[in-house]
Amino acid sequence: MIDDIFLFVNIVQQQSLTKAAAKLGIPTATVSRRLKHLEEQLGSKLIHRSARAFTLSSQGDIFYNAY
């Protein structure tokens, strides 16, 4: 789970799953899958995302600020 938290922090810092994937040198699909897994483990949506939008949910904001 620690790796997924590190990944989540990078996604927020980059404001993009694609940019985080490029920075970390892993496929975007892997980033998306691991974020989904983290959200499932926590039981909460952390990021609202679509093809054009990226926003933290209120729970995502709290979780990000905790790390």
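Now for a description of the structure that goes with this document. Only a predicted model underlies this, so the values are computations on that prediction, with no experimental measurement involved.

**Section: unusual backbone geometry**
Working step 1: The backbone of Gln15 sits at a positive phi, close to 60°, despite the residue not being glycine.
Working step 2: Considering the arrangement of structural elements, one finds Gln15 in the loop between α1 (2–14) and α2 (17–24).
Working step 3: With relative accessibility at 46%, the residue Gln15 sits in the partly exposed group.

**Side note on helix α3 (residues 28–42)**
Working step 1: Between the first and last C-alpha of α3 there are 21 Å, a value that for 15 residues agrees with the 21 Å anticipated at 1.5 Å per step.
Working step 2: Buried within α3 are the following residues: Thr30, Val31, Leu35, Leu38 and Glu39.
Working step 3: Gly43, located one to two residues past α3, shows a positive phi value of around 70°.

**Brief notes about the environment of Leu42**
Working step 1: The topology assignment puts Leu42 in helix α3.
Working step 2: For Leu42, a relative accessible area of 33% gives the class partly exposed.
Working step 3: For the pair Leu42 and Asp61, spaced 19 residues apart in the sequence, the C-alpha separation amounts to 14 Å.

**Regarding the pattern of salt bridges**
Working step 1: The tally for this structure, following the rule as stated, stands at 2 salt bridges.
Working step 2: A salt bridge links Arg34 to Asp4, with the nearest nitrogen and oxygen atoms 2.8 Å apart. Taken together, the residues Arg34 in helix α3 and Asp4 in helix α1 connect sequence positions 30 residues apart.
Working step 3: Arg34 gets classed as partly exposed once you look at its relative accessible area, which sits at 22%.
Working step 4: Residue classification places Asp4 among the buried positions, given a relative accessible area of 11%.
Working step 5: With its nearest N and O atoms 3.4 Å apart, the salt bridge here joins Glu39 to Arg49. With a gap of 10 residues between them, Glu39 in helix α3 and Arg49 in strand β1 (residues 47–49) connect regions that are remote in the sequence.
Working step 6: Look at Glu39 and you get buried, because its relative accessible area is 8%.
Working step 7: Its relative accessible area of 28% is what places Arg49 among the partly exposed residues.

Definitions and limits used
Numbers given for residues are sequential positions, taken from 1 along each chain in its written order. Note on the predicted model: pLDDT of at least 70 is required for a residue's local features to be given, and 80 or more for side-chain atom pairs to be given and counted; whole-chain, interface and lining totals, by contrast, use all residues. As a convention, hydrogens and water are excluded, and side-chain values are obtained from all of the structure's heavy atoms. Secondary structure elements follow DSSP: runs of H or I no shorter than four residues count as helices, runs of E no shorter than two count as strands, and numbering proceeds from the N terminus. Each residue's exposure class comes from its accessible area (1.4 Å probe, protein chains only) as a fraction of the maximum for that residue type: buried when under 20%, exposed when over 50%, partly exposed otherwise. The span one expects for a helix is its residue count, reduced by one, times 1.5 Å. Criterion for a salt bridge: a side-chain nitrogen of Lys or Arg within 4 Å of a carboxyl oxygen of Asp or Glu.

Bear in mind that shape data such as this cannot, by itself, settle questions of function.
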